Amino acid sequence: MVALAYTVAFEGIEARLVEVQCAVTPGIPAFSIVGLPDKAVSEARERVRAALTAMAIALPSKRITVNLSPADLPKEGSHFDLPIAFALLAALDIIPKDEAAQTVALGELSLDGTLVPVVGALPAAMAAAEADRTLLCPHACGSEAAWVGDAKVIAPRSLSDVVRHFTGQKVLQHATPGEVLGQTATRDLSEVKGQERAKRALEIAAAGRHHLLLVGSPGSGKSMLAARIPGILPPLSPTEALETSMIHSLSGLLDEGGINRERPFREPHHTASMAAIVGGGRNAKPGEISLAHNGVLFMDEFPEFSRTVLETLRQPIETGEVVVARANAHIRYPCRFMLVAAANPCKCGYLADPARACARVPICGEDYMGRISGPLMDRFDLRVEVPPVAFTDLDLPSDGDTSSQVAARVAQARTIQDARYAGHPNARVNADAEGHLLDEVATPDDEGRALLVKVAERFGLSARGYHRVLRVARTIADLEGVEHVRKIHVGEAISYRLAMAKEV
(Lines give C-alpha, C1' and ligand atoms only; values in the text may rest on other atoms or scores of the structure.)
Protein backbone atom coordinates (compact mmCIF):
# COMPACT_ATOMS: atom_id res chain seq x y z
CA MET A 1 0.00 0.00 0.00
CA VAL A 2 1.52 3.31 -1.13
CA ALA A 3 0.01 6.76 -0.64
CA LEU A 4 1.13 10.26 -1.56
CA ALA A 5 0.78 13.65 0.10
CA TYR A 6 2.69 16.90 -0.28
CA THR A 7 4.44 19.39 1.95
CA VAL A 8 7.09 22.09 1.47
CA ALA A 9 10.75 22.68 2.19
CA PHE A 10 11.86 26.29 2.54
CA GLU A 11 14.67 27.86 0.53
CA GLY A 12 14.67 31.49 1.61
CA ILE A 13 11.13 32.79 1.15
CA GLU A 14 10.50 30.21 -1.56
CA ALA A 15 8.56 27.10 -0.56
CA ARG A 16 9.48 24.07 -2.70
CA LEU A 17 6.98 21.24 -2.95
CA VAL A 18 8.08 17.95 -1.39
CA GLU A 19 6.32 14.69 -2.22
CA VAL A 20 5.67 12.56 0.87
CA GLN A 21 5.51 8.91 -0.18
CA CYS A 22 4.36 6.37 2.39
CA ALA A 23 4.57 2.61 1.82
CA VAL A 24 3.24 -0.05 4.19
CA THR A 25 4.77 -3.38 3.17
CA PRO A 26 5.26 -6.86 4.67
CA GLY A 27 8.46 -7.32 6.64
CA ILE A 28 10.03 -6.80 10.02
CA PRO A 29 7.98 -4.09 11.82
CA ALA A 30 9.76 -0.74 11.52
CA PHE A 31 9.01 2.92 10.91
CA SER A 32 11.71 4.72 8.92
CA ILE A 33 11.93 8.13 7.28
CA VAL A 34 14.32 8.66 4.38
CA GLY A 35 15.05 11.55 2.03
CA LEU A 36 17.70 13.63 3.84
CA PRO A 37 15.72 14.46 7.01
CA ASP A 38 17.26 16.44 9.85
CA LYS A 39 16.94 15.49 13.51
CA ALA A 40 13.52 17.15 13.94
CA VAL A 41 12.11 15.31 10.91
CA SER A 42 13.57 11.97 12.02
CA GLU A 43 11.89 12.40 15.41
CA ALA A 44 8.54 12.86 13.67
CA ARG A 45 7.93 9.10 13.71
CA GLU A 46 7.70 9.10 17.50
CA ARG A 47 5.28 12.03 17.55
CA VAL A 48 3.19 10.47 14.79
CA ARG A 49 3.12 7.10 16.56
CA ALA A 50 2.00 8.71 19.86
CA ALA A 51 -0.64 10.89 18.13
CA LEU A 52 -2.15 7.89 16.34
CA THR A 53 -2.16 5.90 19.58
CA ALA A 54 -4.05 8.77 21.26
CA MET A 55 -6.67 8.36 18.51
CA ALA A 56 -6.87 4.60 19.16
CA ILE A 57 -5.24 3.85 15.78
CA ALA A 58 -2.73 1.04 16.04
CA LEU A 59 0.09 0.80 13.51
CA PRO A 60 0.17 -2.53 11.68
CA SER A 61 2.94 -5.03 12.31
CA LYS A 62 4.51 -4.21 8.98
CA ARG A 63 7.35 -2.15 7.59
CA ILE A 64 6.43 1.54 7.20
CA THR A 65 8.71 3.60 4.97
CA VAL A 66 8.26 7.33 4.38
CA ASN A 67 10.26 8.87 1.55
CA LEU A 68 10.58 12.66 1.19
CA SER A 69 11.19 13.42 -2.47
CA PRO A 70 13.33 14.92 -3.94
CA ALA A 71 15.70 12.94 -1.76
CA ASP A 72 18.68 15.27 -2.26
CA LEU A 73 16.86 18.33 -0.89
CA PRO A 74 17.54 18.91 2.83
CA LYS A 75 14.39 18.58 4.97
CA GLU A 76 14.42 20.69 8.13
CA GLY A 77 11.82 21.57 10.74
CA SER A 78 8.96 20.07 12.70
CA HIS A 79 6.33 20.98 10.09
CA PHE A 80 6.86 17.58 8.42
CA ASP A 81 4.91 15.84 11.25
CA LEU A 82 1.45 16.44 9.78
CA PRO A 83 2.23 15.48 6.16
CA ILE A 84 3.93 12.26 7.34
CA ALA A 85 0.91 11.35 9.49
CA PHE A 86 -1.44 12.39 6.68
CA ALA A 87 0.30 10.16 4.12
CA LEU A 88 0.37 7.28 6.61
CA LEU A 89 -3.38 7.60 7.24
CA ALA A 90 -3.94 7.47 3.50
CA ALA A 91 -1.70 4.41 3.16
CA LEU A 92 -3.77 2.70 5.88
CA ASP A 93 -6.97 3.55 3.91
CA ILE A 94 -8.30 5.65 6.78
CA ILE A 95 -8.59 8.72 4.51
CA PRO A 96 -8.99 8.69 0.70
CA LYS A 97 -5.72 8.44 -1.21
CA ASP A 98 -6.90 10.77 -3.97
CA GLU A 99 -7.73 13.48 -1.41
CA ALA A 100 -4.30 13.13 0.18
CA ALA A 101 -2.59 13.43 -3.21
CA GLN A 102 -4.27 16.81 -3.76
CA THR A 103 -3.23 18.28 -0.41
CA VAL A 104 -0.18 20.22 0.78
CA ALA A 105 0.17 19.79 4.55
CA LEU A 106 2.39 21.28 7.21
CA GLY A 107 2.19 21.32 10.98
CA GLU A 108 3.73 19.91 14.14
CA LEU A 109 2.03 17.19 16.16
CA SER A 110 1.86 17.03 19.92
CA LEU A 111 1.71 13.60 21.57
CA ASP A 112 -2.08 13.83 22.05
CA GLY A 113 -2.67 14.65 18.37
CA THR A 114 -3.12 18.40 18.75
CA LEU A 115 -1.68 20.45 15.89
CA VAL A 116 0.97 22.95 16.94
CA PRO A 117 1.52 26.11 14.81
CA VAL A 118 4.68 26.34 12.71
CA VAL A 119 6.41 29.08 10.77
CA GLY A 120 6.10 29.54 7.01
CA ALA A 121 2.35 29.11 6.47
CA LEU A 122 2.17 32.09 4.12
CA PRO A 123 4.83 30.96 1.61
CA ALA A 124 3.43 27.41 1.89
CA ALA A 125 0.01 28.73 0.86
CA MET A 126 1.62 30.44 -2.12
CA ALA A 127 3.16 27.13 -3.21
CA ALA A 128 -0.13 25.28 -2.72
CA ALA A 129 -2.03 27.87 -4.77
CA GLU A 130 0.50 27.65 -7.62
CA ALA A 131 0.14 23.83 -7.63
CA ASP A 132 -3.68 24.11 -7.44
CA ARG A 133 -3.79 22.05 -4.24
CA THR A 134 -5.49 22.47 -0.87
CA LEU A 135 -3.36 23.58 2.08
CA LEU A 136 -3.78 21.70 5.36
CA CYS A 137 -2.26 23.49 8.35
CA PRO A 138 -2.83 23.99 12.10
CA HIS A 139 -5.77 26.14 13.13
CA ALA A 140 -3.47 28.86 14.49
CA CYS A 141 -1.84 29.21 11.05
CA GLY A 142 -5.06 29.24 9.02
CA SER A 143 -5.79 32.96 9.15
CA GLU A 144 -2.21 33.69 8.05
CA ALA A 145 -2.28 31.24 5.11
CA ALA A 146 -5.72 32.43 3.99
CA TRP A 147 -4.25 35.77 2.95
CA VAL A 148 -3.27 34.03 -0.29
CA GLY A 149 -6.62 34.45 -1.98
CA ASP A 150 -6.18 31.65 -4.52
CA ALA A 151 -5.41 29.03 -1.86
CA LYS A 152 -8.01 26.74 -0.28
CA VAL A 153 -6.97 26.48 3.35
CA ILE A 154 -8.21 23.85 5.81
CA ALA A 155 -7.12 24.56 9.38
CA PRO A 156 -8.05 21.78 11.86
CA ARG A 157 -7.14 21.86 15.53
CA SER A 158 -6.07 18.23 15.81
CA LEU A 159 -5.28 15.12 13.80
CA SER A 160 -8.68 13.66 14.70
CA ASP A 161 -10.30 16.73 13.07
CA VAL A 162 -8.29 15.92 9.92
CA VAL A 163 -9.68 12.38 9.85
CA ARG A 164 -13.25 13.55 10.45
CA HIS A 165 -12.97 16.17 7.69
CA PHE A 166 -11.58 13.86 5.01
CA THR A 167 -13.96 11.04 5.88
CA GLY A 168 -16.97 13.37 5.71
CA GLN A 169 -17.93 13.06 9.38
CA LYS A 170 -17.42 16.76 10.11
CA VAL A 171 -16.40 18.92 7.15
CA LEU A 172 -14.39 22.00 8.13
CA GLN A 173 -14.96 25.39 6.56
CA HIS A 174 -12.15 27.11 4.68
CA ALA A 175 -10.04 29.43 6.82
CA THR A 176 -10.53 33.17 6.51
CA PRO A 177 -7.79 35.84 6.50
CA GLY A 178 -6.73 37.47 9.73
CA GLU A 179 -7.16 41.13 10.51
CA VAL A 180 -5.26 43.95 8.88
CA LEU A 181 -3.34 45.39 11.79
CA GLY A 182 -3.53 49.16 12.00
CA GLN A 183 -0.65 51.50 12.55
CA THR A 184 0.41 51.62 16.18
CA ALA A 185 0.78 54.89 18.03
CA THR A 186 4.07 56.53 17.15
CA ARG A 187 6.08 59.36 18.63
CA ASP A 188 5.48 62.71 17.01
CA LEU A 189 8.14 64.63 15.14
CA SER A 190 6.99 67.92 16.70
CA GLU A 191 8.31 66.69 20.06
CA VAL A 192 11.88 67.14 18.79
CA LYS A 193 13.04 70.65 19.73
CA GLY A 194 15.03 72.41 17.02
CA GLN A 195 17.00 70.22 14.56
CA GLU A 196 15.10 71.61 11.55
CA ARG A 197 17.77 70.51 9.10
CA ALA A 198 17.74 66.95 10.45
CA LYS A 199 13.93 66.90 10.27
CA ARG A 200 14.11 68.00 6.66
CA ALA A 201 16.61 65.23 5.92
CA LEU A 202 14.26 62.69 7.54
CA GLU A 203 11.44 63.85 5.29
CA ILE A 204 13.56 63.57 2.14
CA ALA A 205 14.88 60.16 3.17
CA ALA A 206 11.38 58.84 3.86
CA ALA A 207 9.99 60.22 0.59
CA GLY A 208 12.61 58.56 -1.64
CA ARG A 209 13.87 55.74 0.61
CA HIS A 210 17.34 57.27 0.78
CA HIS A 211 19.99 56.11 3.23
CA LEU A 212 20.67 58.60 6.02
CA LEU A 213 23.61 59.15 8.38
CA LEU A 214 23.13 61.25 11.53
CA VAL A 215 26.29 62.42 13.32
CA GLY A 216 26.22 64.38 16.53
CA SER A 217 27.36 64.56 20.14
CA PRO A 218 25.67 62.39 22.79
CA GLY A 219 22.19 63.60 23.70
CA SER A 220 21.73 65.75 20.62
CA GLY A 221 18.63 63.80 19.55
CA LYS A 222 19.84 61.33 16.89
CA SER A 223 17.97 58.33 18.28
CA MET A 224 14.97 60.49 19.07
CA LEU A 225 14.79 61.59 15.44
CA ALA A 226 15.17 58.05 14.11
CA ALA A 227 12.44 56.73 16.42
CA ARG A 228 9.97 59.07 14.71
CA ILE A 229 10.58 57.80 11.18
CA PRO A 230 7.77 55.17 11.33
CA GLY A 231 5.29 57.99 11.93
CA ILE A 232 6.09 59.71 8.62
CA LEU A 233 6.30 56.65 6.37
CA PRO A 234 3.29 55.65 4.25
CA PRO A 235 1.67 52.26 4.95
CA LEU A 236 2.75 49.22 2.98
CA SER A 237 0.99 48.62 -0.32
CA PRO A 238 -0.77 45.22 -0.63
CA THR A 239 2.16 43.86 -2.68
CA GLU A 240 4.73 45.13 -0.20
CA ALA A 241 2.71 43.82 2.76
CA LEU A 242 2.65 40.33 1.24
CA GLU A 243 6.40 40.40 0.51
CA THR A 244 7.25 41.56 4.01
CA SER A 245 4.80 39.17 5.67
CA MET A 246 6.33 36.17 3.88
CA ILE A 247 9.70 36.96 5.46
CA HIS A 248 8.12 37.55 8.87
CA SER A 249 6.15 34.31 8.49
CA LEU A 250 9.40 32.36 8.12
CA SER A 251 10.68 34.07 11.27
CA GLY A 252 7.48 33.48 13.27
CA LEU A 253 6.78 37.20 13.69
CA LEU A 254 3.17 37.34 12.45
CA ASP A 255 0.69 37.83 15.30
CA GLU A 256 -2.41 35.60 15.04
CA GLY A 257 -2.28 35.60 11.26
CA GLY A 258 -2.68 39.36 10.94
CA ILE A 259 -1.03 41.20 8.07
CA ASN A 260 0.66 44.38 9.24
CA ARG A 261 0.47 47.39 6.92
CA GLU A 262 2.99 49.32 9.04
CA ARG A 263 6.50 49.38 7.62
CA PRO A 264 9.10 47.41 9.61
CA PHE A 265 11.44 49.33 11.87
CA ARG A 266 14.34 47.18 12.99
CA GLU A 267 17.01 48.44 15.40
CA PRO A 268 19.63 45.76 16.17
CA HIS A 269 22.20 46.30 18.92
CA HIS A 270 25.76 47.01 17.86
CA THR A 271 26.90 43.69 19.34
CA ALA A 272 24.79 41.75 16.79
CA SER A 273 26.66 39.13 14.80
CA MET A 274 26.99 39.02 11.02
CA ALA A 275 24.49 36.14 10.83
CA ALA A 276 21.98 38.17 12.86
CA ILE A 277 22.32 41.17 10.55
CA VAL A 278 22.58 39.65 7.06
CA GLY A 279 21.08 36.20 7.71
CA GLY A 280 22.43 32.73 8.28
CA GLY A 281 22.96 30.65 11.37
CA ARG A 282 20.84 27.56 11.89
CA ASN A 283 18.66 26.85 8.83
CA ALA A 284 19.98 30.03 7.13
CA LYS A 285 17.23 32.22 8.57
CA PRO A 286 16.69 35.82 7.36
CA GLY A 287 18.64 38.54 9.15
CA GLU A 288 17.75 42.05 10.24
CA ILE A 289 18.27 43.52 6.76
CA SER A 290 15.62 41.16 5.36
CA LEU A 291 13.27 41.65 8.30
CA ALA A 292 13.53 45.38 7.48
CA HIS A 293 12.49 44.75 3.84
CA ASN A 294 10.27 47.64 2.65
CA GLY A 295 10.99 49.41 5.91
CA VAL A 296 13.78 50.93 8.01
CA LEU A 297 16.97 49.47 9.46
CA PHE A 298 18.21 51.77 12.22
CA MET A 299 21.76 51.13 13.37
CA ASP A 300 22.62 53.24 16.39
CA GLU A 301 26.29 53.63 17.41
CA PHE A 302 27.14 52.76 13.81
CA PRO A 303 30.96 52.71 14.11
CA GLU A 304 30.69 50.33 17.06
CA PHE A 305 29.39 47.53 14.85
CA SER A 306 31.90 44.93 13.77
CA ARG A 307 33.87 45.92 10.68
CA THR A 308 32.86 42.70 8.93
CA VAL A 309 29.19 43.41 9.67
CA LEU A 310 29.43 46.90 8.23
CA GLU A 311 31.21 45.78 5.10
CA THR A 312 28.64 43.07 4.38
CA LEU A 313 26.01 45.81 4.07
CA ARG A 314 27.60 47.24 0.94
CA GLN A 315 26.29 44.74 -1.59
CA PRO A 316 22.73 44.37 -0.19
CA ILE A 317 22.35 48.16 -0.19
CA GLU A 318 23.09 48.22 -3.93
CA THR A 319 21.26 45.09 -5.08
CA GLY A 320 18.27 44.98 -2.74
CA GLU A 321 18.83 41.30 -1.97
CA VAL A 322 21.23 39.13 0.00
CA VAL A 323 22.47 35.64 -0.77
CA VAL A 324 23.26 33.45 2.24
CA ALA A 325 25.74 30.92 0.85
CA ARG A 326 26.06 27.49 2.41
CA ALA A 327 27.82 24.33 1.25
CA ASN A 328 24.58 22.70 0.17
CA ALA A 329 22.45 25.71 -0.79
CA HIS A 330 22.39 29.37 -1.73
CA ILE A 331 19.46 31.08 -0.01
CA ARG A 332 18.27 34.39 -1.46
CA TYR A 333 16.33 36.94 0.60
CA PRO A 334 15.00 40.35 -0.50
CA CYS A 335 16.23 43.35 1.51
CA ARG A 336 15.17 46.70 0.06
CA PHE A 337 15.38 48.84 3.15
CA MET A 338 16.18 52.39 4.18
CA LEU A 339 19.37 52.43 6.25
CA VAL A 340 19.43 55.05 8.99
CA ALA A 341 22.67 55.18 10.95
CA ALA A 342 23.58 57.29 13.95
CA ALA A 343 27.09 57.96 15.23
CA ASN A 344 29.01 60.15 17.63
CA PRO A 345 31.67 62.29 15.95
CA CYS A 346 34.42 60.58 17.97
CA LYS A 347 34.95 58.01 20.69
CA CYS A 348 34.31 60.45 23.54
CA GLY A 349 31.52 62.14 21.56
CA TYR A 350 32.53 65.77 22.08
CA LEU A 351 34.78 66.49 19.13
CA ALA A 352 33.09 69.80 18.29
CA ASP A 353 32.64 70.97 21.88
CA PRO A 354 35.55 73.27 22.81
CA ALA A 355 34.71 72.98 26.50
CA ARG A 356 34.90 69.18 26.58
CA ALA A 357 36.96 68.12 23.54
CA CYS A 358 39.69 65.65 24.34
CA ALA A 359 43.40 66.27 23.80
CA ARG A 360 43.45 63.95 20.77
CA VAL A 361 41.45 66.28 18.50
CA PRO A 362 41.24 65.81 15.51
CA ILE A 363 42.84 62.33 15.53
CA CYS A 364 40.12 61.08 17.90
CA GLY A 365 37.40 61.82 15.36
CA GLU A 366 39.38 60.59 12.36
CA ASP A 367 40.12 57.27 14.01
CA TYR A 368 36.53 56.77 15.15
CA MET A 369 34.74 57.74 11.93
CA GLY A 370 37.47 55.90 10.02
CA ARG A 371 35.78 52.69 11.13
CA ILE A 372 33.21 53.44 8.43
CA SER A 373 34.97 52.65 5.18
CA GLY A 374 34.91 55.02 2.25
CA PRO A 375 32.84 52.72 0.00
CA LEU A 376 30.21 52.34 2.73
CA MET A 377 30.14 56.05 3.48
CA ASP A 378 29.68 56.67 -0.25
CA ARG A 379 26.37 54.80 -0.09
CA PHE A 380 24.74 57.31 2.27
CA ASP A 381 22.65 59.73 0.22
CA LEU A 382 22.12 62.14 3.12
CA ARG A 383 24.66 63.03 5.80
CA VAL A 384 23.53 65.37 8.53
CA GLU A 385 25.30 66.87 11.52
CA VAL A 386 23.01 67.00 14.54
CA PRO A 387 24.21 69.80 16.85
CA PRO A 388 23.48 69.70 20.59
CA VAL A 389 20.36 71.49 21.81
CA ALA A 390 20.73 74.06 24.59
CA PHE A 391 19.01 72.96 27.79
CA THR A 392 17.24 76.34 27.89
CA ASP A 393 15.41 75.36 24.67
CA LEU A 394 14.00 72.18 26.14
CA ASP A 395 11.26 74.06 28.03
CA LEU A 396 10.02 75.75 24.88
CA PRO A 397 6.67 74.54 23.47
CA SER A 398 6.67 72.03 20.63
CA ASP A 399 7.16 73.65 17.26
CA GLY A 400 7.51 72.65 13.65
CA ASP A 401 5.36 70.29 11.60
CA THR A 402 3.73 67.29 13.21
CA SER A 403 4.38 63.77 11.99
CA SER A 404 0.99 63.69 10.29
CA GLN A 405 1.80 66.85 8.30
CA VAL A 406 5.16 65.47 7.20
CA ALA A 407 3.58 62.08 6.46
CA ALA A 408 1.07 63.74 4.13
CA ARG A 409 3.87 65.32 2.08
CA VAL A 410 5.81 62.04 2.03
CA ALA A 411 2.71 60.14 0.90
CA GLN A 412 2.13 62.66 -1.90
CA ALA A 413 5.73 62.26 -3.09
CA ARG A 414 5.42 58.47 -2.96
CA THR A 415 2.21 58.66 -5.02
CA ILE A 416 4.11 60.60 -7.69
CA GLN A 417 6.82 57.92 -7.70
CA ASP A 418 4.27 55.09 -7.87
CA ALA A 419 2.88 56.60 -11.08
CA ARG A 420 6.37 57.30 -12.47
CA TYR A 421 7.71 53.78 -11.96
CA ALA A 422 4.48 51.85 -12.65
CA GLY A 423 5.98 50.17 -15.72
CA HIS A 424 9.38 49.42 -14.20
CA PRO A 425 9.46 46.15 -12.19
CA ASN A 426 12.84 46.92 -10.58
CA ALA A 427 12.04 50.45 -9.43
CA ARG A 428 9.44 51.63 -6.93
CA VAL A 429 11.01 54.79 -5.49
CA ASN A 430 13.66 57.27 -6.56
CA ALA A 431 16.40 55.37 -4.71
CA ASP A 432 15.90 52.48 -7.17
CA ALA A 433 16.35 54.56 -10.33
CA GLU A 434 19.55 53.91 -12.24
CA GLY A 435 21.02 53.96 -15.74
CA HIS A 436 18.79 55.25 -18.52
CA LEU A 437 15.83 55.41 -16.16
CA LEU A 438 17.67 57.83 -13.87
CA ASP A 439 18.68 59.98 -16.85
CA GLU A 440 15.05 60.01 -17.96
CA VAL A 441 13.47 61.05 -14.65
CA ALA A 442 16.17 63.10 -12.87
CA THR A 443 18.04 65.09 -15.52
CA PRO A 444 18.31 68.63 -14.10
CA ASP A 445 18.04 71.89 -16.00
CA ASP A 446 21.16 73.50 -17.49
CA GLU A 447 21.95 75.52 -14.36
CA GLY A 448 21.49 72.49 -12.12
CA ARG A 449 23.72 70.33 -14.32
CA ALA A 450 26.42 72.99 -14.40
CA LEU A 451 26.36 73.24 -10.60
CA LEU A 452 26.56 69.47 -10.18
CA VAL A 453 29.45 69.14 -12.64
CA LYS A 454 31.34 71.92 -10.88
CA VAL A 455 30.87 70.32 -7.46
CA ALA A 456 31.78 66.88 -8.78
CA GLU A 457 35.05 68.21 -10.14
CA ARG A 458 35.82 70.29 -7.07
CA PHE A 459 35.14 67.59 -4.47
CA GLY A 460 35.89 64.52 -6.55
CA LEU A 461 32.45 62.91 -6.41
CA SER A 462 32.42 59.29 -7.48
CA ALA A 463 30.02 58.11 -10.17
CA ARG A 464 27.90 56.62 -7.41
CA GLY A 465 27.89 59.90 -5.52
CA TYR A 466 26.97 61.81 -8.68
CA HIS A 467 23.97 59.58 -9.31
CA ARG A 468 22.86 59.62 -5.68
CA VAL A 469 22.80 63.42 -5.73
CA LEU A 470 20.49 63.23 -8.75
CA ARG A 471 18.17 60.79 -6.96
CA VAL A 472 17.94 63.00 -3.89
CA ALA A 473 17.31 66.04 -6.08
CA ARG A 474 14.51 64.15 -7.81
CA THR A 475 12.93 63.41 -4.42
CA ILE A 476 13.19 67.04 -3.34
CA ALA A 477 11.43 68.06 -6.54
CA ASP A 478 8.71 65.48 -5.86
CA LEU A 479 8.17 66.89 -2.36
CA GLU A 480 7.78 70.29 -3.98
CA GLY A 481 5.40 68.81 -6.55
CA VAL A 482 7.31 69.98 -9.63
CA GLU A 483 7.96 67.90 -12.72
CA HIS A 484 11.53 68.91 -13.55
CA VAL A 485 14.65 68.96 -11.35
CA ARG A 486 16.03 72.48 -11.02
CA LYS A 487 19.18 74.08 -9.68
CA ILE A 488 17.68 74.69 -6.22
CA HIS A 489 16.90 70.99 -5.85
CA VAL A 490 20.40 69.99 -6.92
CA GLY A 491 21.91 72.53 -4.54
CA GLU A 492 20.01 71.16 -1.54
CA ALA A 493 20.93 67.58 -2.46
CA ILE A 494 24.59 68.55 -2.72
CA SER A 495 24.49 70.21 0.69
CA TYR A 496 23.51 66.92 2.30
CA ARG A 497 26.07 64.99 0.28
CA LEU A 498 28.97 67.22 1.36
CA ALA A 499 27.81 67.93 4.89
CA MET A 500 30.80 66.11 6.41
CA ALA A 501 33.24 66.11 3.51
CA LYS A 502 36.82 66.72 4.59
CA GLU A 503 37.22 69.39 1.91
CA VAL A 504 34.54 71.61 3.42
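See the structure above.
Conventions and cut-offs
Residues numbered from 1 in each chain as written. Predicted model: local features only at pLDDT ≥ 70, side-chain atom pairs only at ≥ 80, totals over all residues. Heavy atoms only, no water. Pairing = 2+ DSSP bridges. Helix = DSSP H or I, 4+ residues; strand = E, 2+ residues; numbered from the N terminus. Expected span 1.5 Å × (residues − 1). Buried < 20%, exposed > 50% of the residue type's maximum accessible area, 1.4 Å probe, protein only. Lys, Arg positive; Asp, Glu negative; His and termini not counted. Salt bridge = Lys/Arg side-chain N within 4 Å of Asp/Glu carboxyl O. Contact = heavy atoms within 4.5 Å. Phe/Tyr/Trp six-rings, centres within 6.5 Å; stacked < 30°, edge-to-face > 60°.

### As for the sheet that holds strand S14 (residues 296-299)
Through backbone hydrogen bonds, the strands of a sheet pair up, either in parallel or in antiparallel fashion. Pairing is parallel across the open sheet formed by five strands, whose spatial order is S13-S14-S17-S11-S18. Unpaired on one side and paired on the other, strand S13 (265-266) and strand S18 (382-385) mark the two borders of the sheet. Taken together, the two bridges between S13 and S14 define a ladder with parallel strand orientation. Considered in S14, the bridge of Arg266 is made with Leu297.

### What about helix H8 (residues 196-208)?
Here H8 spans 19 Å end to end across 13 residues, near enough to the 18 Å set by a 1.5 Å rise per residue. Buried residues dominate H8, accounting for ten of its 13 residues. Three or more residues of H8 are buried, namely Ala198, Lys199, Ala201, Leu202, Glu203, Ile204, Ala205, Ala206, Ala207 and Gly208. Phi turns positive, to about 55°, at Arg209, one or two residues after H8.

### Thoughts on the side chain of Lys222
Mapping Lys222 onto the fold places it in helix H9 (residues 222-226). Despite its burial, Lys222 pairs with no opposite charge, the nearest such side chain being Asp300 at 6.0 Å. If we ignore the near neighbours within four places in the chain, the residues touching Lys222 are Leu214, Val215, Gly216, Ser217, Ala342, Ala343, Asn344 and Val386.

### With respect to the environment of Val406
Here Val406 lies in helix H17 (residues 403-420). Separated by 49 residues in sequence, Val406 and Val455 place their C-alpha atoms 30 Å apart. Setting aside its immediate chain neighbours within four residues, Val406 contacts Leu189, Glu203, Ile232 and Asp401.

### Focus: the pattern of salt bridges
According to the stated counting rule, one finds 32 salt bridges in the structure shown. For Arg47, the salt bridge goes to Asp81, with nearest N and O atoms at 2.5 Å. With Arg47 in helix H2 (residues 44-54) and Asp81 in helix H3 (residues 81-91), this pair connects stretches of sequence that are 34 residues apart. Using a relative accessible area of 15% as the deciding quantity, one classes Arg47 as buried. Overall, the relative accessible area of 0% leaves Asp81 in the buried class. For Arg263, the salt bridge is made with Glu240, and the minimal N-O distance between the two is 2.9 Å. Of this pair, Arg263 sits in the loop between strand S12 (259-260) and S13 while Glu240 sits in helix H10 (residues 238-250); the two residues are 23 residues apart in sequence, bridging distant segments of the chain. No difference in accessibility class separates Arg263 from Glu240, as the two residues are buried.

### Side note on the packing of aromatic side chains
If you walk through the whole model with that rule in mind, you get three aromatic pairs. Ring centres of Phe265 and Phe298 lie 6.2 Å apart, and the angle between their planes is 25°; this geometry places the pair in the stacked category. Of this pair, Phe265 sits in strand S13 while Phe298 is found in strand S14, placing the two residues 33 residues apart along the sequence. According to the relative accessible area criterion, Phe298 is buried, its value standing at 3%.

### What to know about helix H7 (residues 159-166)
With six of eight residues buried, H7 is to be regarded as a mostly interior element. Along H7, the residues classified as buried are Leu159, Asp161, Val162, Val163, His165 and Phe166. Just past H7, the residue Gly168 takes up positive phi, approximately 80°.

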